[in-house]
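# Geometric and topological summary
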Amino acid sequence: MDQPVDWSKNQLYCVSLDYAWEAVRKALEGDAVVDERDEALWRLHHSPNPEGVLAPDEIDVSARVQFKAVSAVARFEKQLPFSRPFEANTSNLNFAGTPVQHFGTWGNAQGFDERVSIAYYGSEHQFAVRLLPAEENHEIWLLAMEQPLGNSLQTCWEKSMIHMLINYSPDEQPAEELWRYEFLENDRLQIPMIAFQLMHDYPEMIGKNINVLPQSYQVLAVSQRVGLVLNESGATVRSESEVAVASEAVEAAPPPKAMIFDRPFLLALKRKDVARPYLLAWVANSEWMVAMD
C-alpha cells in the first residue's frame, strides 16, 4: 500500500499477496534478506505482517516446500450482502463524463440506518460514507475528496481518516454539527456499481534474489487475481495470490447533502476491528464500473 501511485489511473491493493509472501518467509525458515535496489520486492518483503487483517477462517494460505523450491498460495472470498437492497439506477449518474449504472437512496429510506452511516460531510466534494453489510464484523468505506492526500494508497487512507475527522463519533460533535452525520429527508446518496476481474503478474520481481544464509533463492513467479462486485445488493470480493521461489539460483435548517460519487474516490473493505483494509482502491475512472445499457 505504500508504493507511490499515479492518481490519474485506477489503483488497487489487496492483502492476499502479503499473506502469500508471509507464508514463503516462514517456509524459508531463516532471516530472509532482499536487496533494497530491487524496489518492488523490497517493498513486499518489508510490508507489515498481514496477520489479523482477515480472521483465520476468512483466508486460506498454503505453502509447499519441494526440493529447493518454495511456493505459497493465499486466497479468500467475502460475500457482504446488505440486509436489504438499495435502490438501483434511481437517476442519471455520469462518472467523469461516462454514464454508469449506480445504486443509492434519496431521503431516509426504510432500513437506511442498518445499511449506511455518514462518517463525515464537509461539502458535496468532500465526504465519507460507511456501508454496513449484514455481516457485522465488516464494513465498506467510500471517501470522496477534493484531491488525494499523499503519494500512496496507504498515505491517502491514513490521512483521510484523520483529515475528514472520521475517527470521531457523532456523539462527540456539538449539536449544531449533528446534521452532518444524519441522513435527512432531502439528502441523496449515489454510488457507481463496480464489477471487475483483474489478473496481474509482477515481472519486476521475477529473477530477483532472496538470501537466507547460506542459501540464496530466486523469485520464479508472483501473481495475483482480484475480483470485486459492488452493487445495490452488497459486495463480493475474491482474491488469490501465488508466490514461488527457488534456490538460486448549521443553525437553521441544514442544506440537503448530495453524496454523489461522480468523481474519483477511495474505496476500502475492512474488518471493523482492524485499521488496515484488506482491499483498498483509488477509483479514478469508469474502467471498473458497469456501463449503462
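Preceding block: the structure.
Description of the structure in this document. Since the structure is predicted, the reported quantities are computational estimates derived from the model, not experimental observations. (Residues numbered from 1 in each chain as written. Predicted model: local features only at pLDDT ≥ 70, side-chain atom pairs only at ≥ 80, totals over all residues. Heavy atoms only, no water.)

### A short note on the sheet that holds strand S10 (residues 138-144)
Reading across the sheet, the six strands line up as S1-S18-S17-S10-S9-S8 and stay open at both edges, with antiparallel pairing between neighbours. Whereas interior strands pair on both sides, the edge strands pair on one side only; in this sheet they are strand S1 (11-14) and strand S8 (116-123). Sheet twist, expressed as the mean angle between neighbouring strand axes with direction ignored, is 10°. Bridge count between S8 and strand S9 (residues 126-131): six bridges; the pairing is antiparallel. Following the sheet pairing, Tyr121 is matched in S9 by Phe127. (Pairing = 2+ DSSP bridges. Helix = DSSP H or I, 4+ residues; strand = E, 2+ residues; numbered from the N terminus. Axes fitted to C-alpha atoms, helices over the stretch in contact; angles between N-to-C directions.)

### Describing the nonpolar core
Among the nonpolar cores identified, the biggest contains 92 residues, and Leu131, Ile194, Ile210, Leu267 and Tyr278 are the most heavily contacted of them. Tallying contributions element by element places helix H1 (residues 16-28) first for this core, with eight residues. Contacts of Ile194, omitting those with residues within four sequence positions, involve Leu228, Val229, Leu230, Phe265, Leu267, Val283, Trp288, Met289 and Val290. (Core = buried A, V, L, I, M, F, W, Y, C linked by side-chain atoms within 4.5 Å. Buried < 20%, exposed > 50% of the residue type's maximum accessible area, 1.4 Å probe, protein only. Contact = heavy atoms within 4.5 Å.)

### Section: the environment of Asp201
Position of Asp201 among the secondary structure elements: in strand S12 (residues 194-201). Since its relative accessible area comes to 46%, Asp201 is described here as partly exposed. Each C-alpha atom of the pair Asp201 and Glu242 lies 9.6 Å from the other, and the pair is 41 residues apart in sequence.

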